[in-house]
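The lines below spell out each chain.
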Amino acid sequence: MDQQSINIIEAYINGSLDEEASKKFEADMAEDEELAEVYHEHMLAMDAVDLQEEKELHEKFDLWEKDGQNTPHRTLWPTYLKIAAAVALLVSFYFLFFNKNNSPELNTTLAIEYYITPESPGNTMGRGDALWSDGLINYENGTYSEAIQVWEEIENPSPEMQYFLAHAYFNIKELMKASEIFKDLSNGNSAYSFPAEWYLLLTYLATGEKDNFDQLATVILDNQDHPYHQDVVDLTNSNIKWESDAK
Amino acid sequence: MNRQRYSDQQLISSIVKGGEERNQTIEYLFHHDSFQAIVTDTVVNAGGNKDYGKTVFKDCIIQLDKIVRRKKYTFPSLEQFFEQVAKQSWCRMLLTDTTARDHVISFLSVDKELKGKIKSTIVRNSGSEDDANDIFQNGLLLINDHLKEGKFRGGAVKGFFYQVCYNLWRNELKKHKMQPLPDDGMDVSVTFIDPQIELERKERAILLDQVFQQLGESCQKILRLKFLVIDQYTMEEIAVKMGFKNAQIASNTLSKCRKKLWKLLQEHKSEFSWISRV
């Protein structure tokens, strides 16, 4: 089944097809067994996921019921407070970078401009690792030092865990430590190898490691399929000024 | 928390965003006194009590989360959603839950005002007090069947019961060729929820949960990433979250997992006839 047909199935399920297209899809499905089967597979998968979610919600309801007897109700405000806290952290991060690094400030600014703290993968995906989940809560709250403290206790961390650990280090400006982990990940074979390369590059930029930066940028630029290829094109076309150039 | 601090649209949007924002919104709704009161009133009016109201309220939140995640929410307001879905949920519960039905029956049987109203209708229309008592008792038996057969729509159960008794007496008069009661056009014999479909829905849920558990952890994870909240993640993002090199690998894996789930369900074809209709 080609991707276009899958897209149409998804659009039909999401209700984003207009009436005419919906009717055509239904007619196609009546004649094409394979299309009908893939549609039913989609619906089945959605129902199965809904059921799992229903089970998890019941568990949460029980928990909230118990909590509700002792603690005041929660509101949505903490989300906004978290955002405010994250902004405050980012601002302080920015100024600390200015003061503590030897690289020209323009490069640091650039690195920060391009750096995005990845969103937490969530702690409800059934991994069942208490340390990982605890650390994720800290990560989500922007308390990166606490996240690091917890995650460093994990024996044999997965690439996913290492990836977020490196970002936690990056966020508290322990750039050498972040760089080490990103380097390991970029040499590995996990899904995080590409993003790790990109963040390693930003770390080199922030710490003023010109040779490493150039070498890695060339590797990424040579690979047209690299998911961060365009980002590196944009970055290298920016006004990068190295300390050595200034001398 | 007694006042609604967020607009319906804000709450719906927060669920659609998924992740922690969705969790917090669901928790907020769970503690929402006004919505809970709407559901409890609806259930009590339909013969339940506060405890059943709480169970139905949880079901309403689950339904809300599901239709919003699937981008199928079309209700004019959350208040209307909770009222309408509470009625349906309570009626579905009455199909299979004997204790809930017994609660409705005892709720009706002790209502002296209702009994008086039925008695007065029968006595004013050629009946005796004994006739009225018989009709009331037969009405209680019949309403139990109606609840089981999905003929109750979830409004005021007292009104529904009065109608059941009215129709019983009307038929009685007709049978004895006596001056009939006027037909008030209220039909209580129409099926609102098909018990067979409800039974299949329950069987399907149990089986689907069973086959989902047979999938490996990575299949479960990718299906959840893809289907939990419509359009929450692109295939590229799913690839990163899954630890795959690129979106194509994620797409292929997703397709394999979907097919695996389908095949696992098809293995039970001989046990459940409804699988052939899926």
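Everything below is about the structure shown above.
A short tour of the structure in this document, coming up.

Calculation criteria
Residues numbered from 1 in each chain as written. Chains lettered and ligands numbered in written order. Predicted model: local features only at pLDDT ≥ 70, side-chain atom pairs only at ≥ 80, totals over all residues. Heavy atoms only, no water. Helix = DSSP H or I, 4+ residues; strand = E, 2+ residues; numbered from the N terminus. Buried < 20%, exposed > 50% of the residue type's maximum accessible area, 1.4 Å probe, protein only. Contact = heavy atoms within 4.5 Å. Areas by Shrake-Rupley, 256 points an atom, 1.4 Å probe, with all protein chains shown as cover. Salt bridge = Lys/Arg side-chain N within 4 Å of Asp/Glu carboxyl O. Expected span 1.5 Å × (residues − 1). Arc of directions from axis to C-beta. Buried area = accessible area lost by both parts, 1.4 Å probe. Nonpolar A, V, L, I, M, F, W, Y, C, P; charged D, E, K, R; others polar. Core = buried A, V, L, I, M, F, W, Y, C linked by side-chain atoms within 4.5 Å. Patch = residues over 30% accessible without salt bridge, like charges linked within 9 Å, V, L, I, M, F, W, Y side chains within 5 Å. Lys, Arg positive; Asp, Glu negative; His and termini not counted. Charge placed at Lys NZ, Arg CZ, Asp CG, Glu CD.

With that settled, consider the overall build of chain A. The helix and strand inventory of chain A stands at 13 helices and zero strands. The N-to-C order of helical and strand elements in chain A reads α-α-α-α-α-α-α-α-α-α-α-α-α. The buried share of chain A, reckoned over its 247 residues, is 44%. In chain A, once contacts between residues fewer than 6 apart in sequence are set aside, the share between residues at least 24 apart is 54%. Only carbon and sulfur atoms are counted for the fraction: they give 50% of the accessible area of chain A, which is about 13100 Å².

Glancing now at the overall build of chain B. In terms of helices and strands, chain B carries 14 helices and zero strands. Shown N-terminal to C-terminal, the secondary structure of chain B runs as helices and strands in the order α-α-α-α-α-α-α-α-α-α-α-α-α-α. Looking at chain B as a whole, 51% of its 278 residues qualify as buried. At a minimum sequence separation of 6, the contacts of chain B that also span at least 24 residues come to 65%. Of the accessible surface of chain B, which amounts to about 13600 Å², a share of 50% is contributed by carbon and sulfur atoms.

Attention now goes to the pattern of salt bridges. Under the criterion given, the structure shown has 27 salt bridges over all chains. Residue Glu10(A) pairs with Lys226(B) through a salt bridge whose shortest N-O separation is 3.1 Å. Placement of the pair is Glu10(A) in helix 1 (residues 3-14) and Lys226(B) in helix 11 (residues 217-227), with the two residues belonging to separate chains. In terms of burial, Glu10(A) and Lys226(B) fall into one category: buried. Measuring nitrogen to oxygen at the nearest pair gives 2.8 Å for the salt bridge that ties Asp50(A) to Arg69(B). Here Asp50(A), found in helix 3 (residues 33-70), pairs with Arg69(B), found in helix 4 (residues 50-69), and the two come from separate chains. Here the two residues Asp50(A) and Arg69(B) agree in accessibility, since each one is buried. Connected via shared salt-bridge partners are Asp47(A), Asp50(A), Glu53(A), Glu56(A), Arg22(B), Asp65(B), Arg69(B), Arg70(B), Arg204(B) and Arg224(B).

The next thing to look at is helix 2 (residues 19-31) of chain A. Structurally, the α-helix is built with 3.6 residues per turn, so residues lying three or four positions apart point the same way. Residues and elements named next belong to chain A. In this model, helix 2 (13 residues) spans 19 Å end to end at C-alpha, consistent with the 18 Å of a helix rising 1.5 Å per residue. Taken as a whole, helix 2 has its buried residues at Ser22, Phe25 and Met29. The arc enclosing the buried residues of helix 2, seen along the axis, measures out at 60°, which places them on a common side. In helix 2, the exposed positions that point more than 90 degrees away from the buried face belong to Glu19, Glu20, Lys23, Lys24, Ala30 and Glu31.

Before going further, it helps to examine the interface of chain B and chain A. Counting from both sides, the interface comprises 55 residues of chain B and, opposite them, 52 residues of chain A. With both chains or domains summed, chain B and chain A bury close to 5300 Å², and 57% of this area falls on carbon and sulfur atoms. Viewed at the interface, chain A and chain B are joined by 13 salt bridges. A salt bridge links Asp50(A) to Arg70(B); its shortest N-O distance comes to 2.7 Å. Broken down by element, the side of chain B that touches chain A gets its largest block of residues, 10 residues, from helix 2 (residues 19-30) of chain B. Considered class by class, the residues forming the side of chain B that touches chain A number 23 nonpolar, eight polar and 24 charged.

Core analysis: the biggest nonpolar cluster contains 61 residues, and Leu64(B), Phe82(B), Trp90(B), Phe152(B) and Phe161(B) have the highest contact counts within it. In this structure Phe161(B) touches Leu108(B), Leu114(B), Ile118(B), Phe136(B), Gly139(B), Leu140(B) and Ile143(B), once residues within four positions along its chain are discounted. Counting residues in hydrophobic clusters, the runner-up holds 45 residues, among them Ala147(A), Ile148(A), Leu185(A) and Tyr199(A).

All names here are of chain B. Phi is positive for Lys71, which is not a glycine, with a value near 60°. By secondary structure assignment, the location of Lys71 is in the loop between helix 4 and helix 5 (78-96). Exposure remark for Lys71: the relative accessible area of 40% places this residue in the partly exposed category. Within the chain, Asp231 stands out as a residue other than glycine whose phi angle is a positive 65°. As for its position among the elements, Asp231 is in the loop between helix 11 and helix 12 (235-242).

With that out of the way, let us pick up a negative patch on the surface. A contiguous patch of negative charge on the surface is contributed by Asp2(A), Glu31(A), Asp32(A), Glu33(A), Glu34(A) and Glu37(A). Along the chain, Glu34(A) turns up in helix 3.

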